[in-house]
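Remarks on the overall topology
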Amino acid sequence: MSLLEVKDLVKHYTRRKSLTNNLKLIVHAVDGVSFSIAKGEVLGLVGESGCGKSTLGRLITRLEETTGGEIYFREEEISSLRGSKLRLMRRNFQIMFQDTSSSLNPRWKISPIIEEPMLNFGMAESFRHNKCLELLDLVGLDKSDAEKYPHELSGGQRQRVNIARALALEPALLVCDEPVSSLDVSIRAQVLKLMQRLQQKLLLSYLFISHDLAAVSNIADRVAVMYLGQIVEILPAAGLEKAGTHPYTRVLIESVPVPDPHRAGALLRPAVRGEPPDPSNPPPGCRFHPRCPRAEERCRIEKPGLRKFESQHYAACHLL
Ligand SMILES: Nc1ncnc2c1ncn2[C@@H]1O[C@H](COP(=O)(O)OP(=O)(O)OP(=O)(O)O)[C@@H](O)[C@H]1O
Ligand code: SF4
Ligand SMILES: [Mg+2]
C-alpha cells in the first residue's frame, strides 16, 4: 500500500501579463502529475528552476489548493479536506525549506521554536519540554542549545533545528525542498547523512527536492525527473546514470560535474541548450521538443504519455 498517491495533479496560477497589461496568463506550474511514495521510501524530485518542484511539494502537504487531480494519503482522498479534518491530517506532513535563517523566528529561543507545533496541538508543557530535549539529541544538538537564539547557531545547526521541529509531531512524510543548498559545502554532507539516518531510524518517507541529481540519487530510492510541470521519467536511483533514458534526463546526467584529472576541482559538462520555455505558454506535443536533440516532426504535435519500461521505470518519449 502506498503512503501517498497523487493522480493527475494540476496547479495553474493566474498572473497579469505585465504591470501595464491587464491580460491574464495561466501559469501551468504542475500539469497532470501522478506518482506514489511508499512508507519508508525516499522519492527524489529533480528538474530545472521553475519546473514546478516546490509547487508540487506545497500541493501534497496541502499548503496550497489544487486546480485538479487527487491526493490519497493511506488511501484516503485528502485534496478536498477542510477545517479541523485538514488540520489533523496535516500533522502527517511536514515541509523543510532551503533557507535556514528566514525559517526560524529570530526573536524566539530554540525551545519555543521546536515546541510550537506541539503547542498548536494542545500538548502539555512538561511533555513538550521533554520531547524538545529528546529531539535536540536526535538531531545531534546539545540540550543547552534549547536556550539559544537562532543567530547564535551556525547554518548547519539551524537546519538541524528545522529538522527537529519538522519531527516534533512525528510525521509520516517530509517534503525536503532543497534542504542543504544554502549550507556551506563542508557541512552539506553531514546534514544529508543525518537526514538519511533519521529516515531509516524512524521509517520516514521523503519527497526530496533538489537541482543536484548526484545528491538526490545518493539519498533516494527512486527519482522523478520533472520538466515544465510534468514528470518525464521516474526510475530507481541505483544505476540511474546508465538507466536514465529520457533525452532530458540524459542532459541532466551529462550536466553533472565530473572530475578533471588535469585541473583542480570539477568540470561542468554542458547543460541543456536554450532557455526553458514559458510555463504560461507551454509548447504543444512534447514540451521538451524545442530543446530536445532528438526531436522529430511527431514530437511537435503529439504529447507522449508515461510508459512502463521495467517494474519501476516509466518514461514519456515517442522514441523510447
Ligand atoms: N504563487 C504563485 N503565483 C504565480 N506563479 C507562481 C506561484 N508560485 C509559483 N509560480 C510559478 O510556477 C512555476 C513553478 O514554480 P516552482 O517554484 O514550483 O518551481 P521550482 O521547480 O521549485 O523552481 P526552483 O528550482 O527555482 O525552486 C514558475 O513558473 C513560478 O513562477
Ligand atoms: S518525445 Fe521527442 S521531443 Fe520529446 S523527449 Fe522524446 S524525442 Fe525528445
Ligand atoms: Mg523550488
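This structure is a prediction, so every number in the text was calculated from the model and none was measured.

1. Description of the nonpolar core
Counting 57 residues, the largest nonpolar core has Ile163, Met195, Tyr206, Phe208 and Val223 as the members making the most contacts within it. Filtering out sequence-adjacent residues up to four positions away, Ile163 remains in contact with Met96, Val139, Val191, Leu194, Met195 and Leu198. Residues Val6, Val33, Ile37 and Leu45 belong to the second largest nonpolar core, which totals 31 residues.

2. Comments concerning the side chain of Ser210
By the secondary structure assignment, Ser210 is in strand β8 (residues 205–210). Judged by its relative accessible area of 7%, Ser210 falls in the buried class. Looking at Ser210, its side chain comes within polar contact range of the main-chain nitrogen of Asp212, at 2.8 Å. When sequence neighbours within four positions are dropped, the list of residues in contact with Ser210 reads Leu45, Val46, Gly47, Lys53, Glu178 and Val216.

3. With respect to the site of ligand 2
As a matter of local geometry, ligand 2 sits amid 13 residues, with Cys286, Cys292, Cys299, Cys317 and His318 nearest to it. In this structure the site holding ligand 2 corresponds to the largest cavity. Within the shell around ligand 2, the residues separate by chemical class into nine nonpolar, three polar and one charged.

4. Quick word on the packing of helix α3 (residues 110–120) against helix α5 (residues 155–167)
Here α3 crosses α5 at 30 degrees, and the two axes come no closer than 7 Å. Of the possible angle classes, the one that applies to α3 and α5 is roughly parallel. Here α3 runs over α5; the crossing is right-handed. Here α3 contributes Ile110, Ile113, Ile114, Glu116 and Pro117 to the contact with α5, which in turn contributes Val161, Ala164 and Arg165. Taken together, the residues that form the contact of α3 with α5 break down as six nonpolar, no polar and two charged.

5. Observations regarding the site of ligand 1
Around ligand 1, a shell composed of 14 residues is seen, among which Ser49, Gly50, Lys53, Ser54 and Thr55 lie nearest. Within the backbone of Cys51, an N or O atom sits 3.2 Å from an oxygen atom of ligand 1. Protein coverage of the free-state accessible area of ligand 1, which is 640 Å², stands at 65%. In terms of residue count, the dominant contributor to the shell around ligand 1 is helix α1 (residues 53–60) (four residues). Residue composition of the shell around ligand 1, by class: five nonpolar, six polar and three charged.

6. A short note on the sheet that holds strand β1 (residues 2–16)
Across the sheet, which stays open at both edges, the four strands sit in the order β2-β1-β4-β5 with antiparallel pairing between neighbours. Whereas interior strands pair on both sides, the edge strands pair on one side only; in this sheet they are β2 (24–38) and β5 (76–77). As judged from the five bridges shared by β1 and strand β4 (residues 68–73), these two strands associate in the antiparallel manner. From the neighbouring strand, Val10 faces β4, where its bridge partner is Gly68. Strands in contact with α1 are β1, β2 and β4; relative to β1, the strand with the most contacts, it is inclined by about 120 degrees.

7. Concerning unusual backbone geometry
The phi torsion at Arg74 lies on the positive side, around 45 degrees, for a residue other than glycine. If you trace the backbone, Arg74 turns up in the loop between β4 and β5. For Arg74, a relative accessible area of 42% gives the class partly exposed. Of note in this structure, Glu170 is not a glycine but carries a positive phi near 50 degrees. Checked against the element boundaries, Glu170 lands in the loop between α5 and β7 (173–177).

Conventions adopted
- Residues numbered from 1 in each chain as written.
- Chains lettered and ligands numbered in written order.
- Predicted model: local features only at pLDDT ≥ 70, side-chain atom pairs only at ≥ 80, totals over all residues.
- Heavy atoms only, no water.
- Core = buried A, V, L, I, M, F, W, Y, C linked by side-chain atoms within 4.5 Å.
- Buried < 20%, exposed > 50% of the residue type's maximum accessible area, 1.4 Å probe, protein only.
- Contact = heavy atoms within 4.5 Å.
- Helix = DSSP H or I, 4+ residues; strand = E, 2+ residues; numbered from the N terminus.
- Polar contact = N/O pair within 3.5 Å; in protein donor to acceptor, adjacent residues only side chain to side chain.
- Near = heavy atom within 4 Å.
- 1 Å grid on protein atoms, 1.4 Å probe; cavity = no way out; pocket = protein on both sides within 12 Å on 5 of 7 lines; lining within 4 Å.
- Sits in = over half its atoms within 2 Å of the grid points.
- Nonpolar A, V, L, I, M, F, W, Y, C, P; charged D, E, K, R; others polar.
- Axes fitted to C-alpha atoms, helices over the stretch in contact; angles between N-to-C directions.
- Parallel < 35°, antiparallel > 145°, perpendicular 65-115°, else oblique.
- Left-handed = near helix turned anticlockwise from the far one by under 90°.
- Areas by Shrake-Rupley, 256 points an atom, 1.4 Å probe, with all protein chains shown as cover.
- Pairing = 2+ DSSP bridges.

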